[in-house]
Amino acid sequence: MAATAELSQYDRAKSAAERAAIDASCRGPVLFFASAAVLWLLVGSLLALVASVKLHSPYFLTGTAELTFGRARMAHLQAVALGWATLASMAACLWQMCRLSRAELPYPKLLYLAGALWNVGVCIAVFGVLLGAGQSVEWLDAPPAAAPFFVTGLGIVSAWVVAVFRRRREAHVYVTQWYIFGAVFWFPWLYLVAQFVIFWMPVTGVVQPIVNWWFGHNVLGLWFTPIAVGTAYYLIPKIIGRPVHSYYLSIIGFWSLALFYAWAGMHHLIGGPIPAWLATASTVGSMMMIIPVLAVAINHHMTMLGHFHRLRYSPALRFTVFGAISYTLVSFQGSLMSLKWYSETAHFTHYIVAHAHFGAYAFVTMILFGLFYYMVPRLTGREWVSSRLIRVHFWCTSIGITAYVVGLSVGGWWQGVMMNNPDVPFARIVLYTQPHLLGRSLAGALLTVGHLAFAVSFAANVGGWGQRRSSGPTLFAQPAGQKA
Amino acid sequence: MDRGMVIFLGALLTFSSSWLGLIVFPYWQLGNEKPYQKGEGEDPYPRPLSGAELAGMKVYQHNGCMYCHTQQVRSARFGGWTDADGVERTGADIKRSYGLRRTVSRDYIYDNPTMLGTMRTGPDLANIGVRNPSDAWHHTHLLNPRSANVWSVMPSFPFFYTREKVTGARSDRALALGREWTVDPGYRWRPSDGEWDGIVAKRGPELVAQYTAGRAESIDISTADGKKRLLEFWLTTPEEDYQVVPNADGDALVAYLLALRKAEVPLPEAKE
């Protein structure tokens, strides 16, 4: 990004040609991952709606074993976490790593195999759970038969990311590369350890939930978080054309995340039948997370300072900044939630569900949406067909997730307060949560509408059905002083 | 040194610390717990599940029951509230009779998977076998939870039950479900349009005769509206010659629920 002005006409043309060659090498496999991700997003949304409606209308689709609440809920998580978010994250890793390393993707055809294997795994996970092979291990509900597909697919993607990194022509290693490099190494290790200890050689008793939450929490912390944070580190400076606020801070942010996040999962078992020292150690880890969160927050938001007007124009920036702000908020909330007095009320309630969606959706998914709006046109050479569809997508998802998180947090908190008071009959708690759960379903429906708009946009772009635009990027509005 | 190697080693070290601290060390501390035997000749606690209970655990697992029900009783220091006299108290879980004491790791040594759960959309089940030992109650509740609590939002589980024609004597395992709950519109045996056409074709005149016996008007089953009205009548009329009995899954699940007796026996490590 340095000294763009001094680049000669010749250098500019050369680097544009280099970028075009990199994008061309990524086009096939990355779009394959991205398309599958969008499909799973739709599947996951439908399963979410089924599960959500069942919580306030228990007769909805009752009698169908395949769609009973427990199964629909497990299948939803598999579809969105492993189908949508992971496939989109893999696309994010591959493309950004190539761009930042200034290296073309080697042997792209093997990546099709990786994508296919991963999709077979997700199919086994989602349909296996619906057909009654769910494992009731949070985040690891997939039937164990899916594991070999996941491990192989993930192994190939990780190897490719490292291979691209090793072929880099750019001497400077940008912070996004640090995050991606960490993520593609942490996630396979996490997954293998969890599979091994929970399914292949099951450990006894409460060690299982301990491993379970170490995995479940770290999938968010050491897979989705580094990729989403890294993506924001790439997109924000790239779109506004300004370097990251403090490079030094970004490095502190990376290493403190690596050190502290991995320790943070045990607060899911606070007050549970585990040794007290474990929960305490985790609470310390969670509180220390304030350091990386603060570092990232300062960096992202200070980089944006003075450029917020651009949110009016750029779809990619708008989604990314929404995600970055959510990251700051949800992380501080997360640190707070690790405290015993807080968790005493929030634990076991819908408040936790709201928090999980705050992180996985308002932060990770929104940034991935932002990346799609930036990346896909560069891969297909085609602009988005309609700014109106993007607008529908943005407003439905941003209003939807805000309503979701706020409504369910309030409902969940009071649910916890009442649950802690044994004089309140359980019936009253169930009746109290009903309007909040109905609100959740409505918010979920809004999110689904947004996803449909996104899927139509995406299909039109990738399928080549939309018009090829020559007048520049699709923007929400025309920036002042710039001709159409 | 190569930058990639620095990142790799750093990532390895930081991650290993949590792996050692949160996996290896707890495993070393808890991996070898044995059942507790108070004195000679007394039954050790806990005991492993067997037979139908084990099969029922699989039903519980595969249907994701854990996502609404926890199986852990929190300590008396958790769950603060103020009672009617304005006195601060704790121990809501125990006060709600979820268990006699908090659950500790030893309660779970035979569980695989250990389904602690993290959500209480429904009540805690750690001790449900002691709290509600009636298998008949569990069966009618599973078939339609509204039959036990009208406010319940738990799914109905008709697929754990079979509707069958009574041949000879009624089965003594048949559920005694109130009539208004047997016609739950969600039940599997509410016929689809095709099935209903089949029933009308076969038993139409007989059903119309039943209908007209009780009232002045009649029904014309050749019209769609007539068929629909006959269906409503059919659904709300008791079927004396049919009974609902648990299938293998239903039996197993109830056996498992009745075997859930955690936090029932005092343990030395759970004083509070």
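The structure presented is a predicted model; accordingly, all values stated were derived computationally and were not measured.

**Describing the overall build of chain B**
Then, in step 1: Secondary structure summary: chain B contains nine helices and four strands in total.
Then, in step 2: Its helices and strands in sequence order give chain B the pattern α-α-β-β-α-α-α-β-α-α-α-β-α, from N to C terminus.
Then, in step 3: Compactness check: chain B gives a C-alpha radius of gyration of 27 Å against a globular reference of 19 Å for 272 residues, more than 25% above the reference.
Then, in step 4: Across its three principal directions, the C-alpha atoms of chain B cover 85 × 60 × 45 Å.
Then, in step 5: Counting over 272 residues, chain B shows a buried share of 49%.
Then, in step 6: Within chain B, residue pairs in contact and separated by at least 24 positions form 70% of the contacts whose partners lie at least 6 positions apart.
Then, in step 7: For chain B, the separation between the mean place of its 32 positive charges and that of its 34 negative charges on side chains is 3 Å.

**Re helix H8 (residues 224-235) of chain B**
Then, in step 1: With twelve residues, H8 of chain B should cover 16 Å at 1.5 Å per step; its first-to-last C-alpha distance of 16 Å lies within 8% of that length.
Then, in step 2: Those residues of H8 of chain B that are buried lie in contact with strand S3 (161-165) and helix H7 (193-213) of chain B.

**Some details on the UniProt feature "domain: Cytochrome oxidase subunit I profile" (unreviewed entry) in chain A**
Then, in step 1: When the UniProt feature table is mapped to this numbering, "domain: Cytochrome oxidase subunit I profile" (unreviewed entry) covers residues 35-412 of chain A.
Then, in step 2: For residues 35-412 of chain A, helix accounts for 76% and strand for 0%, while the C-alpha atoms at its two ends are 35 Å apart.

**Structural notes on the interface of chain A and chain B**
Then, in step 1: Contacts between chain A and chain B engage 84 residues on the former and 80 residues on the latter.
Then, in step 2: Of the roughly 7200 Å² buried at the junction of chain A and chain B (both faces included), carbon and sulfur atoms supply 66%.
Then, in step 3: When the buried area of chain A at its contact with chain B is split by residue, Tyr-59, Phe-348 and Phe-426 of chain A rank highest and sum to 11% of it.
Then, in step 4: The interface formed by chain A and chain B contains one salt bridge.
Then, in step 5: One salt bridge connects Asp-423 of chain A with Lys-95 of chain B, and the closest N-O pair in it is separated by 4.0 Å.
Then, in step 6: On inspection of chain A and its partner chain B, the count reaches 23 residue pairs in polar contact (both at pLDDT 80 or more).
Then, in step 7: The element that contributes the greatest number of residues to the side of chain A that touches chain B is helix H6 (residues 207-240) of chain A, accounting for eight residues.
Then, in step 8: Class assignment of the residues belonging to the side of chain A that touches chain B gives a composition of 52 nonpolar, 23 polar and nine charged.

**So, the packing of aromatic side chains**
Then, in step 1: With the rule as written, the count across this model stands at 52 aromatic pairs over all chains.
Then, in step 2: Summarising the aromatic geometry, the rings of Phe-187 of chain A and Tyr-191 of chain A are spaced 6.4 Å apart at their centres and angled 65° between planes, so their arrangement reads as edge-to-face. Here Phe-187 of chain A and its partner Tyr-191 of chain A are both found in helix H5 (residues 175-200), four residues apart, which amounts to about one turn of the helix. Judged on exposure class, the residue Phe-187 of chain A and its partner Tyr-191 of chain A are both buried.
Then, in step 3: Feature note: the residues Trp-84, Phe-319, Phe-322, Tyr-361, Phe-369, Phe-372, Tyr-373, Trp-384, Phe-394, Trp-395, Phe-454 and Phe-458 of chain A constitute an aromatic cluster, connected by ring pairs.
Then, in step 4: The cationic tip of Arg-318 of chain A hangs over the ring face of Phe-394 of chain A; the distance from NZ or CZ to the ring centre is 5.0 Å.
Then, in step 5: If you follow Arg-146 of chain B out to its NZ or CZ, it ends over the ring of Tyr-59 of chain A, 4.6 Å from the centre.

**Describing the pairing of strand S4 (residues 242-246) of chain B**
Residues and elements named next belong to chain B.
Then, in step 1: Burial analysis of S4 places five of its five residues in the buried class, which makes it a mostly covered element.
Then, in step 2: Two elements, S3 and S4, share five bridges in a ladder whose sense is antiparallel. Across the sheet, Tyr-161 pairs through a bridge with Pro-246, a residue of S4.

**Some points on the environment of Pro-422 of chain A**
Then, in step 1: Structurally, the position occupied by Pro-422 of chain A is in the loop between helix H13 (387-419) and helix H14 (426-463).
Then, in step 2: It is 25 Å that separates the C-alpha atoms of Pro-422 of chain A and Ala-279 of chain A, two residues lying 143 residues apart in sequence.
Then, in step 3: Sequence-distant contacts of Pro-422 of chain A, that is, excluding residues within four places in its chain, are made with Trp-81, Ala-92, Lys-95 and Arg-96 of chain B.

**Re the side chain of Arg-101 of chain B**
Then, in step 1: Within the element layout of this structure, Arg-101 of chain B appears in the loop between helix H3 (92-95) and helix H4 (128-131).
Then, in step 2: Arg-101 of chain B sits in the buried class, given a relative accessible area of 4%.

**Section: the nonpolar core**
Then, in step 1: With 196 residues, the main nonpolar core has Trp-84 and Trp-223 of chain A as its most contacted residues.
Then, in step 2: Look past the residues within four positions of Trp-223 of chain A in its chain and what remains in contact with it is Thr-86, Ser-89, Met-90, Cys-93, Ala-183, Val-184, Phe-187 and Asn-218 of chain A.

**A look at empty space enclosed by the protein**
Then, in step 1: Scanning the model with the defined rule gives six cavities of 30 Å³ or more in all.
Then, in step 2: If you add up the space inside the second largest cavity, you get close to 110 Å³.
Then, in step 3: Around the second largest cavity sit 16 residues that line it, and Pro-209 and Asn-212 of chain A together with Met-66, Thr-114 and Leu-116 of chain B are the ones nearest its centre.
Then, in step 4: Here the element with the most residues in the lining of the second largest cavity is H6 of chain A; it accounts for four residues.
Then, in step 5: Residues belonging to the lining of the second largest cavity are distributed by class as follows: nine nonpolar, six polar and one charged.

**Description of the confidence of the model for chain B**
For residues with low pLDDT, the predicted coordinates do not support detailed interpretation.
All names here are of chain B.
Then, in step 1: Confidence in the prediction of chain B, expressed as mean pLDDT, is 85, and 91% of residues score 70 or more.
Then, in step 2: Contacts of residues 183-188 to residues separated by more than four positions or lying in other chains number 18 contacts, the stretch itself having pLDDT below 50.
Then, in step 3: The ipTM value of the predicted complex is 0.93, and its pTM value is 0.90.

**Re the state of the cysteines**
Disulfides are covalent bonds that link the sulfur atoms of two cysteine residues.
Then, in step 1: All chains considered together, the criterion is met by zero disulfides over all chains.
Then, in step 2: With no disulfide of its own, Cys-26 of chain A lies closest to Cys-98 of chain A among cysteine sulfurs, the gap being 3.6 Å.

**A closer look at the packing of H6 of chain A against helix H9 (residues 290-304) of chain A**
All names here are of chain A.
Then, in step 1: At a minimum axis separation of 10 Å, H6 and H9 run at an interaxial angle of 15°. For the element pair H6 / H9, the angle class is roughly parallel. In this structure, H6 meets H9 at a crossing whose hand is left-handed. Across the interface between the two elements, Val-229, Ala-232, Tyr-233, Ile-236 and Ile-240 of H6 pack against Ala-295, Val-296, Asn-299, His-300, Thr-303 and Met-304 of H9.

**Observations regarding the domain arrangement of chain B**
Then, in step 1: On domain assignment, one finds that chain B holds domain 1 (51-166 + 248-259) and domain 2 (178-237).
Then, in step 2: In this structure, domain 1 of chain B and domain 2 of chain B have C-alpha centres spaced 37 Å apart.

**Quick word on the packing of H5 of chain A against helix H7 (residues 247-260) of chain A**
Residue and element names in this part refer to chain A.
Then, in step 1: The interhelical angle for the contact between H5 and H7, taken along N-to-C directions, is 10°, at an axis separation of 10 Å. Accordingly, the angle class assigned to the pair H5 and H7 is roughly parallel. Two secondary-structure elements touch here, H5 through Val-175, Trp-178, Tyr-179 and Trp-186 and H7 through Tyr-247, Ser-250, Ile-251, Gly-253, Phe-254, Trp-255, Leu-257 and Ala-258.
Then, in step 2: Looking at side-chain class alone, the contact of H5 with H7 contains ten nonpolar, two polar and no charged residues.

**Looking at the pattern of salt bridges**
If charged atoms from side chains of opposite charge come close, those side chains can pair.
All names here are of chain B.
Then, in step 1: The full count for this structure, using the stated rule, is 19 salt bridges over all chains.
Then, in step 2: Where Arg-74 meets Asp-93, a salt bridge forms, and the shortest distance between an N and an O atom there is 3.9 Å. On the criterion of sequence distance, the pair formed by Arg-74 in the loop between helix H2 (51-62) and strand S1 (81-82) and Asp-93 in helix H3 is long-range, its members being 19 residues apart. With respect to class, Arg-74 is no different from Asp-93; both count as buried.

The rules behind the values
- Residues numbered from 1 in each chain as written.
- Chains lettered and ligands numbered in written order.
- Predicted model: local features only at pLDDT ≥ 70, side-chain atom pairs only at ≥ 80, totals over all residues.
- Heavy atoms only, no water.
- Helix = DSSP H or I, 4+ residues; strand = E, 2+ residues; numbered from the N terminus.
- Rg over C-alpha atoms; globule rule 2.2 N^0.38 Å.
- Buried < 20%, exposed > 50% of the residue type's maximum accessible area, 1.4 Å probe, protein only.
- Contact = heavy atoms within 4.5 Å.
- Lys, Arg positive; Asp, Glu negative; His and termini not counted.
- Charge placed at Lys NZ, Arg CZ, Asp CG, Glu CD.
- Expected span 1.5 Å × (residues − 1).
- UniProt positions renumbered as here; feature names shortened; annotations may be inferred.
- Buried area = accessible area lost by both parts, 1.4 Å probe.
- Salt bridge = Lys/Arg side-chain N within 4 Å of Asp/Glu carboxyl O.
- Polar contact = N/O pair within 3.5 Å; in protein donor to acceptor, adjacent residues only side chain to side chain.
- Nonpolar A, V, L, I, M, F, W, Y, C, P; charged D, E, K, R; others polar.
- Phe/Tyr/Trp six-rings, centres within 6.5 Å; stacked < 30°, edge-to-face > 60°.
- Lys NZ or Arg CZ within 6 Å of the ring centre and 35° of its normal.
- Pairing = 2+ DSSP bridges.
- Core = buried A, V, L, I, M, F, W, Y, C linked by side-chain atoms within 4.5 Å.
- 1 Å grid on protein atoms, 1.4 Å probe; cavity = no way out; pocket = protein on both sides within 12 Å on 5 of 7 lines; lining within 4 Å.
- Points joined across faces, edges and corners; volume = space filled by probe spheres on them.
- pLDDT = per-residue confidence, 0-100.
- Disulfide = S-S within 2.5 Å.
- Axes fitted to C-alpha atoms, helices over the stretch in contact; angles between N-to-C directions.
- Parallel < 35°, antiparallel > 145°, perpendicular 65-115°, else oblique.
- Left-handed = near helix turned anticlockwise from the far one by under 90°.
- Domains from an automatic or database assignment.

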